[in-house]
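# Structure assessment
Listed below, chain by chain, are the residues.
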Amino acid sequence: MSGPAVLAAGVCVTSGVVAGVLFAVALSVLPALRAMPPDRYVQAHQLLGRHWDPTMPVVVLGSFAADAVLVGPAGGHGRPVFAVAAVLLALVSAVSHFGNVPINRRVKGIDPAAIPADWRDPRPPWRRWHLVRTVLAVVAAALNAAGLALL
């Protein structure tokens, strides 16, 4: 197996992890969080983010970097496939950074035992941003699989 093929196999795994995690959150975690009263939601949100926040950016940006590297040696039909996958993963990161992370920071700053009277439920906008990045990640993972097949 050539170097680009090994890298492409790796990016299939990492982008697949990103897509899988985001899909699982959309399918199972979001409905559970939506069903909770505000205090339990805030507490659960704070607990869920502890290990995601430092890990997922590394996996997303690592996948992006691998795709960007693959644009060069891929050649032919593979070059645009890896390029689009890289752009989609960059967009996943941007949506996370500018959409979900600011909401996460606000929720982390709330005391679940003292929800403010003027509290605005962050779940609807967080869900919308999350679904956008989930679709982007799933398409990127599919493109990476197609790119591997084209090598």
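Throughout what follows, the structure given in this document is the object of discussion. All values reported here derive from a predicted model rather than from experimental measurement.

### Structural notes on the pattern of salt bridges
On inspection of all chains with the given rule, the structure shows one salt bridge. Between D121 and R123 there is a salt bridge, with the nearest N and O atoms lying 2.8 Å from each other.

### Concerning the environment of A113
Take A113: it is sitting in the loop between α3 (78-108) and α4 (123-150). With 28 residues separating them along the chain, A113 and A85 place their C-alpha atoms 43 Å apart.

### Digging into helix α1 (residues 3-35)
Residues spaced three or four apart along an α-helix face the same direction, because each turn holds 3.6 residues. The terminal C-alpha atoms of α1 lie 47 Å apart, and with 33 residues this matches the ideal 48 Å at 1.5 Å per residue to within 8%. A bend of about 40° at A26 is the largest found in α1. Taken residue by residue, α1 has A5, A8, V11, C12, S15, V18, A19, V21, L22, V25, L30 and L33 as its buried positions. Each element contacted by the buried residues of α1 is listed here: α2 (38-74), α3 and α4.

### A word on the side chain of R133
Along the chain, R133 turns up in helix α4. Reaching out from R133, the side chain makes a polar contact with the side chain of N100 at a distance of 3.5 Å. The residues contacting R133, other than those within four sequence positions of it, are L22, V92, V95, S96, N100 and W126.

### A word on the nonpolar core
Of all hydrophobic cores here, the largest spans 14 residues; its most connected members are V18, L22, V92, L136 and A137. Residue assignment for this core shows that the elements contributing at least two residues are α1, α2, α3 and α4. Ignoring anything within four residues of it in the chain, the contact list for V18 reads M56, V59, V60 and A137. Residues V25, L33, Y41 and W119 belong to the second largest nonpolar core, which totals 11 residues.

### Some thoughts on the packing of aromatic side chains
Evaluation of the coordinates by the stated rule reveals one aromatic pair. The interplanar angle of 50° and the centroid separation of 6.5 Å between the aromatic rings of Y41 and W119 together place this pair among those described as tilted. Here W119 lies in the loop between α3 and α4 and Y41 lies in helix α2, a separation of 78 residues in the sequence. Exposure remark for W119: the relative accessible area of 18% places this residue in the buried category. One residue, R123, lies across the ring of Y41, its end atom 4.5 Å from the ring centre.

### Quick look at the side chain of S96
Relative to the assigned elements, S96 resides in helix α3. In contact with S96, not counting residues within four places along its chain, are V101, P102 and R133.

### Some remarks on the packing of α1 against α2
Close contact between α1 and α2 brings their axes to 9 Å; oriented N to C, the two are set at 155°. Between α1 and α2, the interaxial angle falls into the category roughly antiparallel. At the point where α1 passes α2, the crossing takes the left-handed sense. Classifying every residue of the contact of α1 with α2 by side-chain character gives 19 nonpolar, four polar and one charged.

Criteria and cut-off values
Here the residue numbering is sequential within each chain, running from 1 through the sequence in written order. This being a predicted model, a pLDDT of at least 70 is required before a residue's local features are given, and a value of 80 or more before pairs of side-chain atoms are given or counted; all residues contribute to the totals for chains, interfaces and linings. For the side-chain quantities, the full set of heavy atoms in the structure was used; hydrogens and water were omitted. One side-chain nitrogen of Lys or Arg within 4 Å of one carboxyl oxygen of Asp or Glu is enough to make a salt bridge. Helix numbers and strand numbers start at the N terminus; a helix is a DSSP run of H or I with at least 4 residues, a strand a run of E with at least 2. In this analysis, the expected span of each helix is defined as 1.5 Å times one less than the number of residues it contains. The reported bend at a residue is simply the angle between two axes, fitted to the 7 residues ending at it and to the 7 residues beginning with it. Remark: exposure states derive from per-residue accessible area (1.4 Å probe, protein chains only) relative to the maximum for the residue type, with buried under 20%, exposed over 50%, and partly exposed in between. We call two residues in contact whenever any of their non-hydrogen atoms come within 4.5 Å of each other. Polar contact criterion, stated in full: a pair of N or O atoms within 3.5 Å, where within protein one must be able to donate a hydrogen and the other to accept it, and residues adjacent in sequence count only if both atoms are side-chain atoms. Residue types Ala, Val, Leu, Ile, Met, Phe, Trp, Tyr and Cys, when buried and joined through side-chain atoms within 4.5 Å, form a set referred to as a nonpolar core. Pairing of aromatic rings covers Phe, Tyr and Trp, the last through its six-membered ring, and needs centres within 6.5 Å; plane angles under 30 degrees mean stacked, over 60 mean edge-to-face, and all others mean tilted. Whether a charge sits over a ring depends on NZ of Lys or CZ of Arg being within 6 Å of the ring centre and within 35 degrees of the ring normal. Helix axes are fitted only over the stretch in contact, all axes being lines through C-alpha atoms; the angle between N-to-C directions runs from 0 to 180 degrees. Here the angle decides the label: under 35 degrees means roughly parallel, over 145 means roughly antiparallel, 65 to 115 means roughly perpendicular, and every other value means oblique. By convention the crossing between two helices is left-handed if the near helix lies anticlockwise of the far one by an angle smaller than a right angle, and right-handed if it lies clockwise. Three classes are used, and their members are as follows: Ala, Val, Leu, Ile, Met, Phe, Trp, Tyr, Cys and Pro are nonpolar, Asp, Glu, Lys and Arg are charged, and the others, Gly among them, are polar.

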